[in-house]
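# Per-entry structural report
Given next are the chains, with one letter for each unit.
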Amino acid sequence: MLQIGKLVAQRLALGLLTLFVISLIIFLCVEMLPGNFSEAILGQAATPETVAAFNRELGLDLPPHERYFTWLFNMLQGDFGRSLANKRELSELLGFRLQNTFFLAGMSAVIAIPLAVTLGVLAALYRDSFYDKAVNVVTLSSISFPEFFVAYILIIVLAQNLGWFPAISNINDELGFWEKVYRTALPAMTLTLVCVAHMMRMTRAAIINLLASPYIEMARLKGLKPGRIILKHALPNALAPIINVVVLNMAYLVVGVVLVEVVFVYPGLGQLFVDSVRSRDIPVVQACSLIFAMTYVLLNLLADVLSIMSNPRLMHPW
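Residues numbered from 1 in each chain as written. Predicted model: local features only at pLDDT ≥ 70, side-chain atom pairs only at ≥ 80, totals over all residues. Heavy atoms only, no water.

Let's shift gears to the packing of aromatic side chains. Summed over the entire model, instances satisfying the criterion amount to six aromatic pairs. Seen in terms of ring centroids, Phe27 and Tyr68 are 5.4 Å apart; in terms of plane orientation they differ by 65°. Their pairing is edge-to-face. Within this pair, whereas Phe27 is found in helix H1 (residues 2–31), its partner Tyr68 is found in helix H4 (residues 64–76), the two being separated by 41 residues in sequence. Neither Phe27 nor Tyr68 differs from the other in exposure class; each is buried. Taken together, a centroid distance of 6.0 Å and an interplanar angle of 90° make the contact between Phe103 and Phe177 edge-to-face. Here the residue Phe103 occupies a position in helix H5 (residues 90–125), and Phe177 occupies one in helix H8 (residues 177–183), the gap between them amounting to 74 residues. (Phe/Tyr/Trp six-rings, centres within 6.5 Å; stacked < 30°, edge-to-face > 60°. Helix = DSSP H or I, 4+ residues; strand = E, 2+ residues; numbered from the N terminus. Buried < 20%, exposed > 50% of the residue type's maximum accessible area, 1.4 Å probe, protein only.)

As structure tokens, then:
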């Protein structure tokens, strides 16, 4: 446990440093966005005096370094500020959107993780068979297409032609759980098709790599069935790389949903992020970007810790 505690402390310190650098990059990128927020809100017919007064009211007339440290200090206190477009508190605005994004990511993970591990185990069990080759072709094909292309194909086939699912995933708090699942089915399928190949191929490669080990050869000499050898002897020892790739793909499911949410008009954090960039809503853009970065850093930390805990040899390297 001491090793785990030391590892977590090191990763947290590195994560905080990474988040500080990312926050600086986010602020600089937002500063370089074309256009002027005040003119976008007030219109091009606004006089310079009106624009100056509006900038002064919002604090946009301060030097960039002052605005950056003020924003960072407020974020550390949990104050995300207000949306410049509609004056709503960002904690209220982000709460509903973040909940929807986590719902979509969780639904995709529930489908993708068991499917990928099962396909990977079967591909290792029937290595070089027709099944193995077919699964590799299908998964590599799905990952080779961009998310929006897969999304539009699913919309055309499953929504427009067959009419099984709605093409627009519009959900709200008034809907029941299963109604939300039904309306979120297409974006969840899209994310599943895109990320399942990584997990499946890592599972297959990790198990096949262990099949050449002496203890696996001993199990074969004892007359154990191939399925039992893989499930009882190879899979537990292959958990470290599998867990690592699974958690990293979960990070993708949260952070990489922007395109999918835009295609399906899903009311999540990605859709809010794109809308805020269009309207030059600086606090919302900064908050969404930082939330995405924090999610990725924390899930990377979780991947490292779970990988080491699943392999006792890594916990005691000496």
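Below, the discussion takes up the side chain of Thr295. With respect to the helices and strands, the residue Thr295 is situated in helix H15 (residues 282–309). The buried category is assigned to Thr295, whose relative accessible area is 12%. Once you skip the residues sitting within four places of it in the chain, Thr295 turns out to touch Val254 and Val255. (Contact = heavy atoms within 4.5 Å.)

What follows covers the environment of Ile143. The topology assignment puts Ile143 in helix H6 (residues 130–144). For Ile143, the residues in contact, after removing those within four places along its chain, are Leu193, Val194, Ala197 and His198.

Right, let's talk about the pattern of salt bridges for a bit. Taken as a whole and assessed by the stated rule, the structure comprises two salt bridges. Residues Asp132 and Arg204 are paired through a salt bridge, measuring 2.8 Å at the closest nitrogen-oxygen approach. Here Asp132 is found in helix H6, whereas its partner Arg204 is found in helix H9 (residues 185–210), with 72 residues between them in sequence. Note on accessibility: Asp132 and Arg204 belong to one class, buried. (Salt bridge = Lys/Arg side-chain N within 4 Å of Asp/Glu carboxyl O.)

Glycine aside, residues mostly have negative phi, and peptide bonds are mostly found in the trans state. Even without glycine at this site, Val265 takes up a positive phi of about 50°. Looking at where Val265 falls in the secondary structure, it is placed in the loop between helix H13 (258–263) and helix H14 (269–279). For Val265, a relative accessible area of 43% translates into the label partly exposed.

This part takes up the environment of Ala234. Relative to the helices and strands, Ala234 resides in helix H11 (residues 226–237). According to the relative accessible area criterion, Ala234 is buried, its value standing at 0%. Each C-alpha atom, one on Ala234 and one on Ala206, is 8.6 Å from the other, the two residues being 28 residues apart in sequence. For Ala234, the contacting residues outside a window of four places in its chain are Ile207, Leu210, Leu211, Tyr215, Ile216 and Ile229.

Another point: the packing of H5 against H11. Two measures define how a pair of helices packs: the angle their axes make with one another and the distance between the axes. Contact geometry for H5 and H11: axes closest at 10 Å, N-to-C directions at 125°. By the angle between their directions, the pair H5 and H11 is classed as oblique. The way H5 lies across H11 gives a crossing that is right-handed. For the pair H5 and H11, the contacting residues are Val121, Ala124 and Leu125 in the first and Pro226, Gly227, Ile230, Leu231 and Leu235 in the second. (Axes fitted to C-alpha atoms, helices over the stretch in contact; angles between N-to-C directions. Parallel < 35°, antiparallel > 145°, perpendicular 65-115°, else oblique. Left-handed = near helix turned anticlockwise from the far one by under 90°.)

The next thing to look at is the nonpolar core. By size, the foremost hydrophobic cluster in this structure holds 51 residues, and its most contacted members are Leu186, Met199, Ile207 and Phe264. Within the residue set of this core, elements represented by two or more residues are H5, helix H7 (147–161), H9, helix H10 (214–221), H11, helix H12 (239–255) and H13. Among the elements that make up this core, the one with the highest residue count is H9 (twelve residues). Among the nonpolar cores identified, the runner-up in size contains eleven residues, and Ile26, Trp71, Val285 and Leu290 belong to it. (Core = buried A, V, L, I, M, F, W, Y, C linked by side-chain atoms within 4.5 Å.)

Turning next to the side chain of Glu261. Looking at the secondary structure, you find Glu261 in helix H13. Buried and unpaired, Glu261 has Arg97 as its nearest opposite-charge partner, separated by 6.2 Å. Polar contacts involving the side chain of Glu261 include one to the main-chain amide nitrogen of Leu269, which spans 3.4 Å. Within polar-contact distance, the side chain of Glu261 engages the backbone nitrogen of Gln271 at 3.0 Å. Once you skip the residues sitting within four places of it in the chain, Glu261 turns out to touch Thr101, Leu104, Tyr266, Gly268, Leu269, Gly270 and Gln271. (Lys, Arg positive; Asp, Glu negative; His and termini not counted. Polar contact = N/O pair within 3.5 Å; in protein donor to acceptor, adjacent residues only side chain to side chain.)

Topologically, Asn86 is positioned in the loop between H4 and H5. Accessibility expressed as a relative area gives 41% for Asn86, which makes it partly exposed. The spatial distance from the C-alpha of Asn86 to the C-alpha of Asp281 is 9.3 Å, given a sequence separation of 195 residues.

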